[in-house]
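So the chains spell out like this:
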Amino acid sequence: MSDEVESEKEEEVMMRLLAVTDGKLEVEEKAALVTKAVMRGRWRTRMMEWMMDRWIGGSKKGAGMEAKNEEMKAVMMKAGAEAGEEGVIEMLLDDGGMEADAVVEGEKKQTALHVASRAGRDGVVGMLLARGANVTARTTNDFTAMYFGSEGGHVLVVRALIAAGADVNDVS
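J.: How would you sum up the packing of helix H4 (residues 70-83) against helix H5 (residues 86-94)? Please name residues and give values.
T.: Their axes nearest at 8 Å, the elements H4 and H5 cross at an angle of 145 degrees. H4 and H5 meet at a crossing whose hand is left-handed. Between H4 and H5, the contacting residues are Lys73, Met76, Met77, Gly80 and Ala81 on the first element and Val88, Ile89, Leu92 and Leu93 on the second.

Right under this line is the structure:
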């Protein structure tokens, strides 16, 4: 079976699963599905848009995403930052009412900038910085985005953080 046919089959199965479980899952279970979906391949942006529409309230510009679920918006922001999905981040910032430095992982107080820096997603890092993300924000363990970017050896992320005013010595 070709990769394209396999991907289409996988997409169809995931869409059916999400349609069946819509409204019956807790936020944590939806978060697990979101994380799996964004790591799946070339159709992940479409899947994220579908989930945003179903679970948050809109994904098209101008649709005015009503806050059906603030937790799910944070989950989507985290998943988008981790996967490097600039389109998803842009939708959440423009239409979803999310702030560029919103906390996306509550217990750890990680922002999308921390998550994108850890994952080496320089495009998302640049977008968040351009939208006003706090380059000096700290997690509950006192880590900065600079720490995550440098720990992972993500040179482009570190350069973007330095350009935005991060102190190379202020990593933890």
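Further notes follow.
J.: Hey, could you go over H4 for me, with residue numbers and the actual values?
T.: Counted at 1.5 Å a residue, the expected span for H4 with its 14 residues is 20 Å, and the 20 Å between its end C-alpha atoms agrees. Summarising burial for H4: 10 of the 14 residues are buried, a large majority. Listed in full, the buried residues belonging to H4 are Met72, Lys73, Ala74, Val75, Met76, Met77, Ala79, Gly80, Ala81 and Ala83. At the C-terminal side of H4, glycine 84 shows a positive phi close to 75 degrees.

J.: Please provide a residue-by-residue account of the packing of aromatic side chains, values included.
T.: Going through the model one piece at a time under the given rule, you end up with three aromatic pairs. Here the aromatic rings of phenylalanine 143 and phenylalanine 148 are separated by 5.9 Å at their centres, their planes lie at 65 degrees, and the arrangement is edge-to-face. Ring centres 5.5 Å apart and planes at 70 degrees place the aromatic pair tyrosine 147 and phenylalanine 148 in the edge-to-face group. A residue is classified by how much of its surface remains accessible, and phenylalanine 148, at 8% relative accessible area, is buried. By way of ring pairs, the aromatic residues Phe143, Tyr147 and Phe148 are connected into one cluster. When the ring centre of phenylalanine 148 is taken as reference, the NZ or CZ atom of arginine 118 above it lies at 5.7 Å.

J.: Got a sec to walk through empty space enclosed by the protein? Specific residues and values, please.
T.: For the structure shown, the criterion picks out one cavity of 30 Å³ or more. Approximately 40 Å³ is the volume found for the largest cavity. Looking at the largest cavity, the residues that line it are Val135, Thr136, Thr144, Met146, Ala166, Asp167 and Asp170. Each residue belonging to the lining of the largest cavity can be placed in one class, and the counts come to three nonpolar, two polar and two charged.

J.: Got a sec to walk through the nonpolar core? Specific residues and values, please.
T.: In this structure, Met77, Ile89, Leu113, Leu128 and Leu161 are the most contacted members of the largest nonpolar core, which totals 31 residues. When contributions to this core are tallied by element, the ones reaching two or more residues are H4, H5, helix H6 (112-119), helix H7 (122-130), helix H8 (145-151) and helix H9 (155-163).

Rules behind the numbers
- Residues numbered from 1 in each chain as written.
- Predicted model: local features only at pLDDT ≥ 70, side-chain atom pairs only at ≥ 80, totals over all residues.
- Heavy atoms only, no water.
- Axes fitted to C-alpha atoms, helices over the stretch in contact; angles between N-to-C directions.
- Helix = DSSP H or I, 4+ residues; strand = E, 2+ residues; numbered from the N terminus.
- Left-handed = near helix turned anticlockwise from the far one by under 90°.
- Contact = heavy atoms within 4.5 Å.
- Expected span 1.5 Å × (residues − 1).
- Buried < 20%, exposed > 50% of the residue type's maximum accessible area, 1.4 Å probe, protein only.
- Phe/Tyr/Trp six-rings, centres within 6.5 Å; stacked < 30°, edge-to-face > 60°.
- Lys NZ or Arg CZ within 6 Å of the ring centre and 35° of its normal.
- 1 Å grid on protein atoms, 1.4 Å probe; cavity = no way out; pocket = protein on both sides within 12 Å on 5 of 7 lines; lining within 4 Å.
- Points joined across faces, edges and corners; volume = space filled by probe spheres on them.
- Nonpolar A, V, L, I, M, F, W, Y, C, P; charged D, E, K, R; others polar.
- Core = buried A, V, L, I, M, F, W, Y, C linked by side-chain atoms within 4.5 Å.

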